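What the coordinates show
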Amino acid sequence: MQLSPRLRSALELVPHGASLADICCDHAQLAIAAAQAGTPLVVAIDVAEAPLAVARRNAMLSRTRVDVRLGDGLLPLQPGEVDGAIIAGVGGRTCLQILQARDLTQLKLRWLILQVNRDLPKVRTWLAAQGWQTERETLVRDGRRIFPTLRATP
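In what follows, the accompanying structure is described. Residues take numbers from 1 onward in each chain, read along the sequence in its written order. Under the rules for a predicted model, residues below a pLDDT of 70 receive no local features and side-chain atom pairs below 80 are neither given nor counted, while totals for whole chains, interfaces and linings still include all residues. Processing note: side-chain calculations cover all non-hydrogen atoms of the structure and skip hydrogens and water entirely.

A few words now on the packing of aromatic side chains. Only Phe, Tyr and Trp rings take part, Trp by its six-membered ring, and two of them pair if their centres are within 6.5 Å. Stacked means planes under 30 degrees apart, edge-to-face means over 60, and tilted covers everything else. This structure, assessed with the given rule, holds zero aromatic pairs. Between Arg6 and the ring centre of Phe147, over which it is positioned, the NZ or CZ distance is 5.7 Å. We count a charge as sitting over a ring when the NZ of a lysine or the CZ of an arginine lies within 6 Å of the ring centre and within 35 degrees of the ring normal.

Spelled out as structure tokens, the structure:
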């Protein structure tokens with residue numbers, strides 16, 4: 001799967017051998033690329049059925065094992081099911097709504113990879129208040145835009 005520079009920068013921050021959930025997966029390109037790279041468990045979640053139909057089709061055509069689920073943000077995940085979650089391609093407010101809707105401690109997530117297209121300072125402030133720290137951060141140009149991508153750990 002050929003990823004855009006923006007999605008590739010998010011995937012590159014995934015710790016080796018870690019399982020992941022791609023939240024707001026849309027077409028599931030990131031999830032499929034992760035599965036093709038050998039990620040042991042990939043869950044792709046979106047709140048809308050239309051993008052999930054595309055995600056299911058893409059996963060089937062790529063012959064990868066991606067668990068595609070309909071649901072709102074992190075809610076479809078079971079505690080300890082995945083090591084971390086990627087939330088990419090959304091605004092900071094949407095990202096915060098997703099993160100605040102579920103107890104991250106209960107999910108036992110070891111890391112979050114976040115790539116928001118606005119309101120990043122608000123996301124940083126919320127993460128710090130919850131005891132999460134930015135472990136690694138990259139900037140990538142994709143077209144005419146520059147996207148910050150960070151990996152946070154509790």
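Still to come is the rest of the account.
The next thing to look at is the sheet that holds strand β4 (residues 84-90). With mixed pairing, the seven strands of this open sheet are ordered in space as β3-β2-β1-β4-β5-β7-β6. Here the strands that pair on one side only, and so sit at the sheet edges, are β3 (67-70) and β6 (133-142). Averaged over all adjacent pairs, the angle separating strand axes in this sheet is 15°, with direction ignored. A pair of strands is treated as paired once DSSP finds two or more bridges between them. Think of it this way: any DSSP run of H or I at least four residues long counts as a helix, any run of E at least two long counts as a strand, and we number them from the N terminus. Summarising the sheet, β6 and strand β7 (residues 145-153) pair through nine bridges and their orientation is antiparallel. Note on β7: the bridge partner recorded for Thr138 is Thr149. In this fold helix α2 (residues 29-36) packs onto β1 (20-23), β2 (42-46) and β4, with an angle of close to 175° to the strand it touches most, β2. To define axes, lines are fitted to C-alpha atoms, for helices over the stretch in contact only, and angles between the resulting N-to-C directions are given on a 0 to 180 degree scale. A contact between two residues is defined here by any heavy atoms of the two lying within 4.5 Å.

To continue, consider the pattern of salt bridges. We define a salt bridge as a contact between a side-chain nitrogen of Lys or Arg and a carboxyl oxygen of Asp or Glu at a distance within 4 Å. On inspection of all chains with the given rule, the structure shows six salt bridges. Close ionic contact of Arg69 with Asp67 constitutes a salt bridge, the shortest N to O distance being 2.8 Å. Of the charged contacts in the structure, one is a salt bridge between Arg124 and Glu137, with a shortest N-O distance of 2.5 Å. Remark: Glu137 occurs in strand β6 and Arg124 occurs in helix α6 (residues 120-129); sequence separation between them is 13 residues. Three labels apply to residues, based on accessible area from a 1.4 Å probe with only protein chains included: buried if under 20% of the type maximum, exposed if over 50%, partly exposed otherwise in between. For Arg124, a relative accessible area of 32% puts it in the partly exposed group. Among the charged side chains, a network of salt bridges with common partners joins Asp67, Arg69 and Glu81.

With that settled, consider the state of the cysteines. The term disulfide is used for any two cysteine sulfur atoms that are within 2.5 Å. Under the counting rule described, the total for this entry stands at zero disulfides. The structure places no disulfide on Cys25, whose sulfur is separated from the nearest cysteine sulfur, that of Cys24, by 8.2 Å. Among the residues examined, Cys25 registers a relative accessible area of 4% and is labelled buried. Counting only cysteine sulfurs, Cys24 is the nearest neighbor of Cys95, a cysteine outside any disulfide, at a range of 8.5 Å.

The next subject is the side chain of Ser19. Within the secondary structure layout, Ser19 lies in the loop between α1 (5-11) and β1. Residue classification places Ser19 among the buried residues on the basis of a relative accessible area of 7%. Not counting residues within four places of it along the chain, the set of residues in contact with Ser19 comprises Thr39, Pro40, Leu41, Glu81, Val82, Asp83, Gly84 and Trp111.

With that settled, consider α2. Think of an α-helix as turning once every 3.6 residues; residues three or four places apart then point the same way. When you tally the buried positions in α2, you get six out of eight residues, the bulk of the element. For α2, the set of buried residues is Leu30, Ala31, Ile32, Ala33, Ala34 and Ala35. Against the buried residues of α2 lie α1, β1, β2, α3 (49-62) and β4. Gly38 sits one or two positions beyond α2 and adopts a positive phi of about 100°.

With the exception of glycine, most residues fall at negative phi, and the peptide bonds are largely trans. The phi dihedral of Arg63 is positive, around 60°, even though this residue is not glycine. Of note in the backbone geometry, Lys108 takes a positive phi value of approximately 60° without being a glycine. Positionally, Lys108 belongs in the loop between α5 (104-107) and β5 (111-116).

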